[in-house]
Amino acid sequence: MSKYVITYDTGTTGIKTCLIEIDKEIKILASDTAGYSLYVDDECGVKGGAEQDADEWWRAMCVTTKEVFRKAPNITKEQIEGISFCSAMQGLVLVDEDGKCIRRPMTYMDQRATEELKAGIAHGFQIAGADASKLLKCLKYTKAAPLSVKDPVWKYKWVEAHEPENFKKIHKWLDVKEYLILRASGEFVMTTDSAFATLIYDTRKGHEGWCKPLCDMFGVNMNHLPKIMKCTDKVGEITEKAAAELGLAAGTAVYGGGGDASLIGVGAGAVEVGDTHVYSGTSGWVSTVVDTQVVDTGALMAATVGADPEAYNYFGELETSNKCVSWVKDHLALDEIGVYLSHHATPSNSYEDIAVNLYDYLEEVIERAEPGSNGVVFTPWLHGNRCPFEDPNAAGMFFNIKLETGKTELIRSVVEGICFHMRWMLERQDKKKEVHISDAVRFCGGGALGAATCQILADVLQRDVEVVDSPQNIGAVGAAALIAVGTGMIDTIKDVKKLIPAKTVYHPNTDNKAVYDRNYKVFKNLYACNKKNFEILNG
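The text that follows walks through the structure, step by step, so that each part is easy to find.

1. Considerations on the nonpolar core
Item 1. Core analysis: the biggest nonpolar cluster contains 97 residues, and Trp 173, Ile 200, Val 220 and Trp 381 have the highest contact counts within it.
Item 2. In terms of residues, this core owes the most to one element, helix 14 (residues 407-430), which gives 11 residues.
Item 3. Ignoring sequence-local partners within four residues, the contact set of Val 220 consists of Val 153, Tyr 156, Trp 173, Ile 200, Cys 215 and Leu 225.
Item 4. Counting residues in each nonpolar core, the second largest holds 39 residues, with Ala 72, Ile 80, Phe 85 and Ala 243 among its members.

Written out as structure tokens, the structure reads:
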């Protein structure tokens, strides 16, 4: 019997709300999007800052919820079985006892806490840039360590050091979706994957939960940490006040949901041990399902706790992935885009229709250039980088531009650069004996909308690339899958795979291997050759 749910995919620049039917397959009946602001650097009053307004998240959630009912008039609010979430991770949302934000939330992109990182873990005899004794202690309890300036514990410590009055007001430390759960249900909770992402969560069997030894070592007040629940758990019910604002029925079940790194693989059907997926949204990553916790401190990669309690996601992240394509749209392709929009942006076309078709148009532009972009190589580090090297000073560049270089080659090199970075992380994962990369990888996110991009990824990786239906919506599909497990419609998360088959498979073109291998070698050299230059300019 069909069940209807609403899921919220809360990203860096906007929310996508989906009304979904769960039956023999997971089907999106209606969706709507709304954007919100990202405040960086000077807008935060500090270099490296990246913040958002929690009220803007909530308003976007309310507007889009009402809109999906308008688009699916045969479904009523009383038919909604529950709501769930997929969201960006490693944010810092500090709330008081009334559930109100004490300050604007810091996003995963925030990198202001350099001094807190140094003071907290980077003193003494070092391994992988960290104090050896502290690193070993972290690995003992979590099989990971907060080695990035973007890890939330350092943001928390930054508030303590720089905003002591705000720090005194803290009741609970939440992440993005946990704040929305609180706003909807009044419950202060955190799901296991979000708790792990704080890197103060004990993953040892029989000891799962907040880790007192690590909290003591880093100076975290454990009273600030909320109750931990499973991603598939019903964590509360929608309050009367929230119901009125959202347009939902009071008492509707609220499920824990998961972070984007946890659920996008689920929504892509990459749920069994050995399944690998590549995601390209605002940020991007390579993730492989493993059955044991693996860590590579040198590359800042670790097997993270996900939505499935019986598996882990071995994960490497690129801070700006398809965001680089947005940058191209705004700064390199303005003339072509202007011409395109003048012909296609009509009142009858939705924003999403225009966006999808715009990708098709950019794909045509990309295909005008030869593979390898005539030797131009782009580095997609527009907001620093995390894996396989951590450097907030790293930046984007076009390398090897000549008089004959055209704009189409520059645009194509951006897509190739993103794919090169994915290959770099994939190869680093493949070096671990405990990790078995699947022969075919699932490609998802907005970057998977274009056939040319999918083919470039297949050629760069020299692997089959599989794409599911609506690859830009799989976070929402993953969130719906958690409700299916939570309500008993399916037994385990692994059962999701049979509901989400590949729609298209791209096979690698061996004729392009040589040119991509050549450019990839240069791509990897560019960081090592320019590390000092990045430090001089951006340090």
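Further notes follow.
2. Focus on the packing of aromatic side chains
Item 1. The full count for this structure, using the stated rule, is 20 aromatic pairs.
Item 2. Arranged with centres 6.4 Å apart and planes meeting at 80°, the rings of Trp 381 and Phe 534 form a pair that is edge-to-face. Taken together, the residues Trp 381 in the loop between strand 23 (377-379) and strand 24 (397-399) and Phe 534 in helix 17 (residues 513-538) connect sequence positions 153 residues apart. For the pair Trp 381 and Phe 534, a shared accessibility class is recorded, and that class is buried.
Item 3. One aromatic cluster in this structure is built from Trp 381, Phe 389, Phe 420, Trp 424, Tyr 516, Tyr 520, Phe 523, Tyr 527 and Phe 534.
Item 4. Arg 104 extends its terminal NZ or CZ atom over the ring of Tyr 39, reaching a point 4.1 Å from the ring centre.
Item 5. Stacked on the ring of Trp 158, the Lys or Arg Arg 112 has its end atom at 4.5 Å from the ring centre.

3. Concerning empty space enclosed by the protein
Item 1. With the rule as written, the count across this model stands at four cavities of 30 Å³ or more.
Item 2. Computed from the structure, the largest cavity encloses a volume of approximately 490 Å³.
Item 3. In terms of lining residues, the largest cavity is bounded by 29 residues, among which Gln 90, Asp 151, Thr 304, Phe 315 and Arg 386 are the most central.
Item 4. When residues of the lining of the largest cavity are traced back to their parent elements, those giving at least two are helix 7 (192-197), helix 10 (260-267), strand 20 (295-296), strand 21 (301-305) and strand 22 (312-318).
Item 5. For the lining of the largest cavity, the element with the most residues is strand 21, which contributes four residues.
Item 6. Here the residues of the lining of the largest cavity are counted per class, giving 17 nonpolar, six polar and six charged.

4. Side note on the pattern of salt bridges
Item 1. Applying the stated criterion to the full structure yields 35 salt bridges.
Item 2. For Asp 32, the salt bridge is made with Lys 71, and the minimal N-O distance between the two is 3.2 Å. Taken together, the positions of Asp 32 in strand 3 (residues 26-35) and Lys 71 in helix 1 (residues 54-71) put the pair 39 residues apart, joining distant regions of the chain.
Item 3. Take Asp 32: its relative accessible area is 14%, and that puts it in the buried class.
Item 4. The partner of Glu 310 in a salt bridge is Lys 494, with the nearest N and O atoms 3.9 Å apart. Pair noted here: Glu 310 is in the loop between strand 21 and strand 22 and Lys 494 is in the loop between helix 16 (474-486) and strand 27 (502-506), with a separation of 184 residues, a long-range link.
Item 5. Residue classification places Glu 310 among the exposed residues on the basis of a relative accessible area of 60%.
Item 6. Assessed through its relative accessible area of 26%, Lys 494 is described here as partly exposed.
Item 7. A single salt-bridge network, built from bridges that share partners, covers Glu 51, Arg 103, Arg 104, Asp 110, Arg 112 and Glu 163.

5. Notes on the side chain of Asp 151
Item 1. On the secondary structure map, Asp 151 appears in the loop between helix 3 (132-142) and helix 4 (152-162).
Item 2. Setting aside residues up to four positions removed in sequence, Asp 151 forms contacts with Gln 90, Ala 145, Pro 146, Leu 199 and Arg 386.

6. Topic: the packing of helix 14 against helix 15 (residues 451-461)
Item 1. Axis separation between helix 14 and helix 15 bottoms out at 9 Å; the angle between their running directions is 45°. By the angle between their directions, the pair helix 14 and helix 15 is classed as oblique. In the packing of helix 14 onto helix 15, the handedness of the crossing is right-handed. On the side of helix 14, the interface is formed by Arg 412, Val 415, Glu 416, Cys 419, Phe 420, Met 422, Arg 423 and Leu 426, while helix 15 contributes Thr 453, Ile 456, Leu 457, Val 460 and Leu 461.
Item 2. Within the contact of helix 14 with helix 15, the residues separate by chemical class into nine nonpolar, one polar and three charged.

7. Observations regarding unusual backbone geometry
Item 1. Here the residue pair Cys 387 and Pro 388 is connected by a cis peptide bond, since its omega of 0° sits within 30 degrees of zero.
Item 2. Counting through the fold element by element, Pro 388 comes out in the loop between strand 23 and strand 24.
Item 3. The backbone of Asn 374 shows a phi angle near 55°, a positive value even though the residue is not glycine.
Item 4. Assignment of secondary structure puts Asn 374 in the loop between helix 13 (351-367) and strand 23.
Item 5. Positive phi is not limited to glycine here, since Ser 470 has a value of about 50°.
Item 6. Within the secondary structure layout, Ser 470 lies in the loop between strand 26 (464-468) and helix 16.

8. Things to note about helix 6 (residues 176-185)
Item 1. A large share of helix 6 lies buried, amounting to nine of its 10 residues.
Item 2. Residues of helix 6 that are buried: Val 176, Lys 177, Glu 178, Tyr 179, Leu 180, Ile 181, Leu 182, Ala 184 and Ser 185.

9. Some thoughts on the pairing of strand 6 (residues 80-87)
Remark: a regular strand shows side chains that alternate across the two faces of the sheet.
Item 1. For strand 6, the buried fraction is high: seven of the eight residues fall into the buried class.
Item 2. With seven bridges joining them, strand 1 (residues 3-10) and strand 6 adopt parallel strand pairing. Paired with Ile 6 across the two strands is Ile 83, which belongs to strand 6.
Item 3. Of the pairings in the sheet, the one linking strand 6 to strand 16 (residues 253-255) comprises two bridges and is parallel in character. Across the sheet, the residue bridging to Ile 83 is Val 254, located in strand 16.
Item 4. With two bridges joining them, strand 6 and strand 17 (residues 258-259) adopt parallel strand pairing. Across the sheet, the residue bridging to Cys 86 is Gly 258, located in strand 17.

10. Overview of the sheet that holds strand 26
Item 1. Overall, mixed pairing links the eight strands, which are arranged 20-21-22-19-18-25-26-27 in an open sheet. Bordering the open sheet on either side are strand 20 and strand 27, each of which pairs with just one other strand.
Item 2. In terms of strand pairing, strand 21 meets strand 22 through four bridges, oriented antiparallel. Bridging across to strand 22, Thr 304 finds its partner in Asn 313.

11. Notes on the state of the cysteines
By definition, a disulfide links two cysteine residues through a covalent bond between their sulfur atoms.
Item 1. Enumeration according to the criterion identifies zero disulfides in this entry.
Item 2. Here Cys 86 is not disulfide-linked; the sulfur of Cys 18 is the nearest cysteine sulfur, at 10 Å.
Item 3. Cys 454 provides the cysteine sulfur closest to Cys 419, a residue in no disulfide bond, and the two sulfurs are 8.9 Å apart.

The rules behind these values
- Residues numbered from 1 in each chain as written.
- Predicted model: local features only at pLDDT ≥ 70, side-chain atom pairs only at ≥ 80, totals over all residues.
- Heavy atoms only, no water.
- Core = buried A, V, L, I, M, F, W, Y, C linked by side-chain atoms within 4.5 Å.
- Buried < 20%, exposed > 50% of the residue type's maximum accessible area, 1.4 Å probe, protein only.
- Helix = DSSP H or I, 4+ residues; strand = E, 2+ residues; numbered from the N terminus.
- Contact = heavy atoms within 4.5 Å.
- Phe/Tyr/Trp six-rings, centres within 6.5 Å; stacked < 30°, edge-to-face > 60°.
- Lys NZ or Arg CZ within 6 Å of the ring centre and 35° of its normal.
- 1 Å grid on protein atoms, 1.4 Å probe; cavity = no way out; pocket = protein on both sides within 12 Å on 5 of 7 lines; lining within 4 Å.
- Points joined across faces, edges and corners; volume = space filled by probe spheres on them.
- Nonpolar A, V, L, I, M, F, W, Y, C, P; charged D, E, K, R; others polar.
- Salt bridge = Lys/Arg side-chain N within 4 Å of Asp/Glu carboxyl O.
- Axes fitted to C-alpha atoms, helices over the stretch in contact; angles between N-to-C directions.
- Parallel < 35°, antiparallel > 145°, perpendicular 65-115°, else oblique.
- Left-handed = near helix turned anticlockwise from the far one by under 90°.
- Pairing = 2+ DSSP bridges.
- Disulfide = S-S within 2.5 Å.

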